[in-house]
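Structure at a glance
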Amino acid sequence: MILSPSLLSADTGRLAAELADLEAAGIAWAHWDVMDGRFVPNITFGQHVIRSLRPASRLFFDVHLMIVEPERYLEAFHAAGADMLVVHAEATAHLQRTLAEIRRLGMRAGVALNPATPLCVLDHVLDDADMVLLMSVNPGFGGQSFLPSTYAKLARLREMLGRRETLIQIDGGVTPENTGELVRAGADVLVSGSSFFGNPPYEARRLAFERAAD
């Protein structure tokens, strides 16, 4: 299980220090929620923020684009230092082309699905994706409650992937209390925002998630 704390719930006034604290706590990934005020109601980090903090961190930057027409910004986020770029299937007209371009630029490519989006939209793009992100809340706000329907969707996706090495990420309402069931159902990467950052110290919180995953 890979834990990817969502910086949406971090102290935005001290992001460089938060990244350093995550690294010191044994965390390997950091999740950036990029919102444009159009695909989702809020506006958050952009490529300029990520670029300014990239030199300060050795963490894997897992960048989740909750923006319309993400294909317009792939090169900018690559230049900013993203390691993984995740785009929403609902936000781009040419999903396969967008995923292929992310890989061509040298990043890992991910595709995200909102809770009401069926898995069939993945039928012709799985060979172009390194990760599938299942939203377990409707995107746009932190601190929401986990949607239980995610468990069945996750199990179906794991079966659908077969022998592929594609990672499955879950984002929204993830806590140590539901971590075990998510991992047993097939999740590889768990995004946690308020449940992680709201319960310091970070090393102890990481261990709580890891114990729950065993």
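This text gives an overview of the structure that appears in the document. No experiment lies behind these values; they were computed from the predicted model shown.

**Brief notes about the side chain of Thr166**
- Its place among the elements puts Thr166 in the loop between helix H5 (150-161) and strand E7 (167-171).
- The contact partners of Thr166, leaving out residues within four places of it in the chain, are Leu126, Ala129, Asp130, Met131, Val132, Arg158, Leu161 and Asp188.

**Details of H5**
- The terminal C-alpha atoms of H5 lie 16 Å apart, and with 12 residues this matches the ideal 16 Å at 1.5 Å per residue to within 8%.
- Among the residues of H5, Thr150, Tyr151, Lys153, Leu154, Leu157 and Leu161 are the ones counted as buried. End-on, the buried residues of H5 take up no more than an arc of 160 degrees, which puts them together on one face.
- On the buried face of H5, the contacting elements are strand E5 (108-113), strand E6 (131-135), E7 and helix H6 (176-185).
- One or two positions beyond H5, positive phi appears at Gly162, with a value near 60 degrees.

**With respect to the sheet that holds E5**
- The parallel open sheet is built from 8 strands, whose spatial order is E1-E8-E7-E6-E5-E4-E3-E2. A strand with exactly one partner marks an edge of an open sheet, and here the two such strands are strand E1 (2-5) and strand E2 (29-35). Sheet twist, expressed as the average angle between the axes of neighbouring strands with direction ignored, equals 25 degrees.
- In the sheet, E2 pairs with strand E3 (residues 60-66) via 7 bridges, with the strands oriented parallel. Paired with Ala30 across the two strands is Phe61, which belongs to E3.
- Strands in contact with helix H4 (residues 95-104) are strand E4 (84-88) and E5; relative to E5, the strand with the most contacts, it is inclined by about 150 degrees.

The rules we used
Residues numbered from 1 in each chain as written. Predicted model: local features only at pLDDT ≥ 70, side-chain atom pairs only at ≥ 80, totals over all residues. Heavy atoms only, no water. Helix = DSSP H or I, 4+ residues; strand = E, 2+ residues; numbered from the N terminus. Contact = heavy atoms within 4.5 Å. Expected span 1.5 Å × (residues − 1). Buried < 20%, exposed > 50% of the residue type's maximum accessible area, 1.4 Å probe, protein only. Arc of directions from axis to C-beta. Pairing = 2+ DSSP bridges. Axes fitted to C-alpha atoms, helices over the stretch in contact; angles between N-to-C directions.

Honestly, that's just the spatial picture; any functional story needs more than this.
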